[in-house]
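Coordinate analysis (summary)
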Amino acid sequence: MELEAQLIEKIVEKRKIIMARAEEKTNKIMASAEEEVEKIRAESEKQIISLVGSELRAVSDRIVGRAELDGRRMLMQTRQELLSKVFEAAERRLEEMAEGMNSDYTTILMKLISESASAIGGEVFFVTANERDLTYLKKNLKTINRNLKKDLGDITIKLEDDPIDITGGVVVRNEDATKTYYNTLKGRLDNVRSRIEAEVAQILGVI
Amino acid sequence: MGERLQRLLDDTEIKADEIVAEAQRKADEMVSNAKAEAERRRNMAQRGSGIDELKREAEEKAKIEAEKSIEDYKKKANVLEKFPEDKMQEALELVLKEVLPE
């Protein structure tokens, strides 16, 4: 009886081993098939992509290209905004300086007239400015003429009757109005901006 | 008794073989289907049709790349905006020096 039980147990064990082997084989077969399928798919995709690659690249280039362009535009705009901050601050500083009418500014006015007269050439010059500056120039015309003669020789500065709407600085013309020199603070600031914007960007580290 | 047990074992062997054979059949079918599908898609691609899905995939991939690119630019812009105040002053001084006559 015991022998019989042992025999049955042995057969059950053997059966288990056979089924386990079968399962193992099955798993290997399926894994190998899945691997093969994956290879076939990958190879097929590769071939298809090589067939329609240019079309797919065009799709990608269109989307990524547009994003790149938008990004660069955004960066450029940020850079311009930062640069504008500097130049707007400079403009405010110049306005304050002009409004304050301190000795620094009146000296600057003299230099602007002198620079304009030198650039135009000749002997008689007509100067105009905003109302505040023109009033100052009228009050001090004799001194101004005397001082400018020291630098520029025998010249005469005359003042226009009508003021112009500018923040500060002067507009100077020769006697027959064939030459006019716009030496306003705003004009100078604009010139400077176009000339040294790159340098300013370098200082700010936004290049 | 011995005979019955031997038959049981033989049946098990047969069943195991059948299981393996079935797996092999399924595997062959999978590979064969994949080959047929690959062939079908290749043919369609050659005719220039049936690539909508590929185009959609390319589009999706490109959108992700585009978003990443925009994010990178945003980060760069944020870095730019955080320049130190002394740099602003230095730039301002330079501008004023250039604007005002010597």
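A quick note: this is a predicted structure, and the numbers were derived from the prediction, not measured.

Before going further, it helps to examine the overall build of chain B. For chain B, the helix and strand inventory stands at three helices and zero strands. In sequence order, the secondary structure elements of chain B are arranged as α-α-α. Looking at chain B as a whole, 30% of its 102 residues are labelled buried. By element, 49% of the accessible surface of chain B is carried by carbon and sulfur atoms, the whole surface being about 7100 Å².

This part takes up the layout of surface pockets. If you add up the space inside the largest pocket, you get close to 230 Å³. Surrounding the largest pocket, Glu-45, Ile-49, Gly-53, Leu-56, Arg-57 and Ser-60 of chain A together with Leu-54, Glu-57, Ala-58, Lys-61, Ala-62 and Glu-65 of chain B form its lining. Counting only elements with at least two residues in the lining of the largest pocket, the list comes to helix H1 (2–100) of chain A together with helix H2 (52–81) of chain B. Of the residues in the lining of the largest pocket, the class split is five nonpolar, two polar and five charged.

What follows deals with the nonpolar core. Within the largest apolar cluster, 51 residues are counted, with the highest numbers of intra-cluster contacts made by Ile-113, Val-127, Leu-137, Val-170, Val-200 and Leu-204 of chain A together with Val-95 of chain B. Considering each element in turn, this core owes the most residues, ten residues, to H1 of chain A. Excluding residues within four positions of it along the chain, Leu-137 of chain A makes contact with Leu-109, Met-110, Ile-113, Val-127, Ala-129, Ile-144, Leu-159 and Val-170 of chain A. Listed in part, the 17 residues of the second largest apolar core include Ile-11 and Ile-18 of chain A together with Leu-5 and Leu-9 of chain B.

Our focus in this paragraph is the interface of chain B and chain A. Of the residues lining the interface, 55 residues belong to chain B; the matching set on chain A comes to 65 residues. Together chain B and chain A conceal approximately 5700 Å² of surface at their shared face, both sides included; 80% is due to carbon and sulfur atoms. Counting across the interface, chain B meets chain A through five salt bridges. A salt bridge links Glu-45 of chain A to Arg-41 of chain B; its shortest N-O distance comes to 3.0 Å. The interface formed by chain B and chain A includes nine residue pairs in polar contact (both at pLDDT 80 or more). For the side of chain B that touches chain A, the elements supplying multiple residues, two or more each, are helix H1 (2–47), H2 and helix H3 (85–99) of chain B.

Our next topic: H1 of chain B. A rise of 1.5 Å per residue sets the reference length of H1 of chain B, with its 46 residues, at 68 Å; its end C-alpha atoms lie 67 Å apart and thus fit the reference within 8%. What H1 of chain B keeps buried is the set Leu-5, Leu-9, Thr-12, Ala-16, Val-20, Ala-23, Ala-27, Val-31, Ala-34, Ala-38, Met-44 and Ala-45 of chain B. Of the surrounding elements, those touching the buried residues of H1 of chain B are H1 of chain A. Directly beyond the C-terminal end of H1 of chain B, a positive phi value near 80° is found at Gly-48 of chain B.

Attention now goes to the packing of H1 of chain A against helix H5 (residues 185–204) of chain A. Residues and elements named next belong to chain A. Viewed as axis vectors pointing N to C, H1 and H5 meet at an angle of 140°, and their least axial separation amounts to 10 Å. Between H1 and H5, the angle falls in the class oblique. For the element pair H1 and H5, the recorded crossing hand is right-handed. Contacts between H1 and H5 involve Gln-80, Leu-82, Leu-83, Ser-84, Val-86, Phe-87, Ala-90, Glu-91, Leu-94 and Ala-98 from the first element and Leu-185, Lys-186, Leu-189, Arg-193, Glu-197, Val-200, Ala-201 and Leu-204 from the second. Across the contact of H1 with H5, the residue classes tally to twelve nonpolar, two polar and four charged.

A separate point is empty space enclosed by the protein. Residue and element names in this part refer to chain A. Considering all chains together, one arrives at one cavity of 30 Å³ or more under this definition. In this structure, the largest cavity occupies an estimated 50 Å³ of space. Looking at the lining of the largest cavity, the elements with two or more residues in it are H1 and H5. Among the residues forming the lining of the largest cavity, the class breakdown is three nonpolar, one polar and three charged. Among the domains, domain 1 (1–100) and domain 2 (101–196) are the pair contributing at least three residues each to the lining of the largest cavity.

All names here are of chain A. Most of strand S1 (residues 124–128) is tucked away: five of the five residues are buried. Inspection of the sheet shows S1 paired to strand S3 (residues 169–174) by four bridges, in the antiparallel sense. Paired with Phe-125 across the strands is Asn-174, a residue of S3.

Conventions used here
Residues numbered from 1 in each chain as written. Chains lettered and ligands numbered in written order. Predicted model: local features only at pLDDT ≥ 70, side-chain atom pairs only at ≥ 80, totals over all residues. Heavy atoms only, no water. Helix = DSSP H or I, 4+ residues; strand = E, 2+ residues; numbered from the N terminus. Buried < 20%, exposed > 50% of the residue type's maximum accessible area, 1.4 Å probe, protein only. Areas by Shrake-Rupley, 256 points an atom, 1.4 Å probe, with all protein chains shown as cover. 1 Å grid on protein atoms, 1.4 Å probe; cavity = no way out; pocket = protein on both sides within 12 Å on 5 of 7 lines; lining within 4 Å. Points joined across faces, edges and corners; volume = space filled by probe spheres on them. Nonpolar A, V, L, I, M, F, W, Y, C, P; charged D, E, K, R; others polar. Core = buried A, V, L, I, M, F, W, Y, C linked by side-chain atoms within 4.5 Å. Contact = heavy atoms within 4.5 Å. Buried area = accessible area lost by both parts, 1.4 Å probe. Salt bridge = Lys/Arg side-chain N within 4 Å of Asp/Glu carboxyl O. Polar contact = N/O pair within 3.5 Å; in protein donor to acceptor, adjacent residues only side chain to side chain. Expected span 1.5 Å × (residues − 1). Axes fitted to C-alpha atoms, helices over the stretch in contact; angles between N-to-C directions. Parallel < 35°, antiparallel > 145°, perpendicular 65-115°, else oblique. Left-handed = near helix turned anticlockwise from the far one by under 90°. Domains from an automatic or database assignment. Pairing = 2+ DSSP bridges.

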